[in-house]
Each structure stands twice: as C-alpha cells, then as structure tokens.
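Topology and contacts: notes
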Amino acid sequence: MAGELVIRGGRVIDQTAERRADIAVGPDGRIVDVSGGIDTAGMGSGVAVLDASGCAVVPGLVDLHTHLREPGHEEAETVETGSRAAAMGGYTAVVAMPNTDPPVDSAAVVRQVLDAGIAAGLCDVHVAGAITVGRRGEGLAPLGEMAALGVRLFTDDGSGVQDERLMRRAMEYGRALDVVLAQHCEVDSLAYGGHMNEGAWSSRLGIPGIPAEAEELMVARDVALSRLTGAPVHFQHLSTAGSVGAVRAAKAAGAAVTAEATPHHFTLTDECCSSYDPLFKVNPPLRGKPDVAAIREGLADGTIDAIATDHAPHTQERKELPFDQAPPGMLGLETALALAIDQLADLPLSQIIGLLSWRPAAIAGLSGAHGGPLREGRPANLCVIDPEMTWTVDPARSSSRSRNTPFAGRVLRGKVRHTVLFGVPTVIDCEAQR
Ligand code: DOR
C-alpha cells in the first residue's frame, strides 16, 4: 500500500527540465508536490523519507524487451524474480516477451502473465503478444483478443516473421487495432546454423557465422511493408551498422518506424567469443567494432529510440553447454543503466534517461503511467540514481534466478539507490523491499 513519501535533496530530471527539488507522494501513489524544501511537518506521522542527495531523481525506467520465462521455464526466471531484478535496475515497467512455453499467443496466457506481475507487485508487468500462433510463423494469432486486454506490442521475438504476406496482414491488423508490430529481424535461411557474427573472428574460431545481411534484409523488408500498410513497426535489438543506416534513412523519408538497441550491442564485440564462453552467445550476435560504433551513433542522434535490455535468463546448466549447443541470451535488467552511463559517457544524463524511460514508454503506449514527466498529479513511478557510485557486477548477488551475465567482475559507474512503483518503494538503498 502506498503511504506518504518524500524524496529529498535530489536533482529531478525529466523530459521537461532539470531542477533541484524534493518530491512528495500522497497516499494514493500520486505525486502531490515537486518543489524545493518540502516540509514533512504538515504530513501524516507515517511519512517515509528517501534520501536523494547527490542523486538524480528520474522517471522509472521502461524495458521494451524482457524475457520473464513464465510460463514454462520457471527454472530460469519467474515473473516475480524478473520483476525484482527489474526493480533493482530502476525499472517500473517491463514488456515481457512471448517466447514462453506455451507462448503468449492467446488472451488466457496474457492474463496469466499479467496476473503474476500484479501478484509480484515489484514492477508494472506488461506483455507482448505473439504475432503468429505458437510463434510458428504460419497463421496470425488472435491479435484482437490480446489487444482487448491491453496488449500494445506484438512480436514473435526469438524469431522474425519470415513470410511477407503474413507480415503484411499482421501490419494491417496492427494498424486497425492501433498497436505496434515489433520485429526480431532475422532471415532464417541466412542465419541457419550460425552461432556468432559472421566475419574474421568466426573464421578464426571455426564457429559458423550469422551475416549482418540476415538482419538487414528484414529491416529493409519491414520498412517497405510499413510504408505499404501505414502501420508502425518497431525494430528490436538492432545490431549492425547497415540496420542503423536503413532506419535512419527510413525515418528521414517519414516512415513510421522506431528502433531499440541493447547495452551488450553497444558495449561488446564478436572478439569476446574468442573465449568460446557461451555467456557471449546472444541473438542477434555480438558484431564488429564498426557496428558497435554505428549503434552508439544511432543512440546519440536519435535514430535508435530506446535502449532495451533483451534480458534473457538461462540456467547455468544450459549456459555451460558447448558454444554451438548453448542457448543465446544474457541478463540485462540490473546492468543496463550503469552500462549506458558508463559507455555513453558523451551523452547528457537526461538523454540517457530518455532512451531508457520516456521514449520506450511512448513506444509501448505506457506514457500515461510511466516515463514522466514528474509533476503533481502523475503516478509516482520513479527511480533515484547515484550517477557516480561505482559497483562491481556480481552474478551471485543478482535478483534474477539466473546468473548468465557476461559482465561479471566489471566495475561500473551509476547505481540505482531507490525505485518507487505507484508510490511504493520497491528498492530502498540498493535493497529490494520484497
Ligand atoms: O539472445 C537471445 N535470447 N535472443 C533472442 O532473440 C531470444 C532470447 C531468449 O529468449 O533467450
């Protein structure tokens, strides 16, 4: 239950301004005051105070791309453990991907995941529905019945929709339903048998590669289909310079496209795979240095709208299989903000928060509750960040049920001190509250 709360002494940053201010939250979980030196004397005796001195107070982060693994793979993550990891990472909302078992391709499974999110109460869990039945790419899933439950994003993530005609139909329905089609851009026939980026490193390591073109051809195709249908398309986890260039050109030409990139794709290169450690196996694969530079440039100039985690928990047992047999994916929720602050150091903090909060909130249709602005009357979904605090990534201390982070031992700058969800602290002084 929300009680009265004051967040004191921070620098409030949102899409409207940057100012020193305290924030008072009322018992209904909404912001009641944003001003200097809020006096708690006039408030109820149970008022809680969160110290934000030296910190930035920002709208809660919003992840467009989280794998929560429930239903079906609770040994790797549950809605509850994933929600806790999200809260620890400063997130107040996540969009759960549909590649569960069974997949999220019906209203019943949507309801199940939404209910588990409400029961966990650590993050506002939203759901992306599958575009096709069973994510098999053969027939359209019942988009309308899922949209009726509030689903605003549809994707077959884990694979792309290969059939052009089917994708066109999905976009036509998407437009009519006022939802966004999100695409995992990968042409299966080109990616077939590949386990890492195709290039000098894959040749040297003897690991079959996935060419950049496997992604870029589908980006180009969906830009064309978006133009044909007038439907908005969101490109997930872009990884190549060619994709960034294609999205830049499409936006310049007025296409209704948006895009996301992950922290690992702006931080790591395919050279990491030289250890043959499956912790570096991910899909799309880690690419070359020019690709990493292009992703960073795309984030800086607005071509890429959002940083999304692609938080992909896997059990240790599966991640310890040989490189060609291990599943792709890495944890992301607890390290995304620090990697962004660390790696995108040329960008102002407000731009980084925009990429992590209000811009993804707009894409997911969540701006009514998430992503700010932080002003009177708005739901108190926010986090308090110490941008200078350094910490060491320790998988054993992760709130996720899994441990598969390639950043273990890395010293990062920027830590979430407190997270507040609809007025209720989910994290206080770097500790989860539930
Ligand atoms: O690396 C990945 N892992 N990429 C995907 O598209 C799916 C994800 C998963 O579900 O593990």
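The structure contained in this document is the topic of the report that follows. Values in this document were obtained by computation on a predicted structure and should not be read as measured data. Every chain is numbered independently, its residues counted from 1 as its sequence is written. Residue-level local features of this predicted model are given only where pLDDT is at least 70; pairs of side-chain atoms are given and counted only at 80 or more, and the full residue set underlies all totals for whole chains, interfaces and linings. Think of the side-chain values as coming from all heavy atoms in the structure, minus any hydrogens and water.

Concerning the side chain of K415
Numbering of helices and strands starts at the N terminus; helices are DSSP runs of H or I of at least 4 residues and strands are runs of E of at least 2. As for its position among the elements, K415 is in strand β17 (residues 411–421). E334 provides the closest opposite charge to the buried, salt-bridge-free K415, at an N-O distance of 6.9 Å. Residue contacts are counted whenever heavy atoms from the two residues lie within 4.5 Å of one another. If we ignore the near neighbours within four places in the chain, the residues touching K415 are V384, I385, D386, M389, W391 and C430. Exposure is judged per residue with a 1.4 Å probe applied to protein chains only, and the accessible area is read against the type maximum: over 50% gives exposed, under 20% gives buried, and values in between give partly exposed. His is not counted, nor are the chain ends; Lys and Arg add positive charge and Asp and Glu add negative charge. Only one rule defines a salt bridge in this text: a Lys or Arg side-chain nitrogen within 4 Å of an Asp or Glu carboxyl oxygen.

Focus: the environment of R318
Tracing the backbone through its elements, the reader meets R318 in helix α10 (residues 316–319). A sequence separation of 242 residues divides R318 from A76, and the C-alpha atoms of the two residues are 9.8 Å apart. Here R318 is in contact with A326 and P327, once residues within four sequence places are set aside.

Some details on helix α1 (residues 79–88)
Owing to its 3.6 residues per turn, the α-helix aligns residues three or four sequence positions apart on the same side. Among the ten residues that make up α1, nine are buried, leaving the element largely enclosed by the rest of the structure. Burial in α1 covers these residues: V79, T81, G82, S83, R84, A85, A86, A87 and M88. Where α1 is buried, its residues touch β7 (91–96), α2 (107–120), β8 (124–129), β17, β18 (424–428) and β19 (431–432). Looking one or two residues beyond α1, the residue adopting positive phi is G90, at roughly 95°.

Side note on the site of the ligand
Lining the immediate surroundings of the ligand are 14 residues, of which R69, N99, N283, H314 and P328 lie closest. In protein, a polar contact means a hydrogen-donor-capable atom and an acceptor-capable atom, both N or O and within 3.5 Å, with residues adjacent in sequence counting only if both atoms are side-chain atoms; elsewhere, any N or O pair within 3.5 Å suffices. H67 places a side-chain nitrogen or oxygen 3.4 Å from an oxygen atom of the ligand. At a separation of 2.7 Å, an oxygen atom of the ligand approaches a polar side-chain atom of R69. Residues that form the shell around the ligand fall into these classes: three nonpolar, eight polar and three charged. Throughout, the term near means that a residue has one or more heavy atoms lying within 4 Å of the molecule or strand in question. Nonpolar residues are Ala, Val, Leu, Ile, Met, Phe, Trp, Tyr, Cys and Pro. Charged residues are Asp, Glu, Lys and Arg, and all others, Gly as well, are polar.

Structural notes on the environment of P208
Within the secondary structure, P208 sits in the loop between α6 (200–205) and β12 (209–210). Residue P208 is classed as partly exposed on the basis of its relative accessible area, which comes to 43%. Separated by 44 residues in the primary sequence, P208 and A252 have C-alpha atoms spaced 35 Å apart.

Points about the sheet that holds strand β9 (residues 153–154)
By definition, two strands form a pair when at least two bridges between them are found by DSSP. Reading across from one edge, β6-β7-β8-β9-β10-β13-β14-β15 is the order of the eight strands in this open sheet, with parallel pairing throughout. Edge positions in the sheet fall to β6 (61–66) and β15 (306–307), since each has one partner strand and no second. The axes are straight lines fitted to the C-alpha atoms, using for helices just the contacting stretch, and the angles between their N-to-C directions are given from 0 to 180°. Contacts between α2 and the sheet are confined to β7 and β8, with β8 contributing the most and set at about 165° to the helix.

Looking at the packing of helix α4 (residues 164–177) against helix α7 (residues 212–229)
Two packed helices can be described by the angle between their axes and the distance between those axes. Direction vectors running N to C along α4 and α7 enclose 45°, while the axes themselves pass 10 Å from each other. In this view, α4 runs oblique relative to α7, as classed from their interaxial angle. Viewed along their axes, α4 and α7 form a crossing whose handedness is right-handed. Residue-level contacts link E164, M167, R168, M171, E172 and R175 of α4 to R221, D222, L225, S226, L228 and T229 of α7. Under this scheme an angle from 65 to 115 degrees is roughly perpendicular, one under 35 degrees roughly parallel, and one over 145 degrees roughly antiparallel; angles in between are oblique. Crossings are sorted by hand: turned counterclockwise from the far helix by less than a right angle, the near helix makes the crossing left-handed, and turned clockwise it makes it right-handed.

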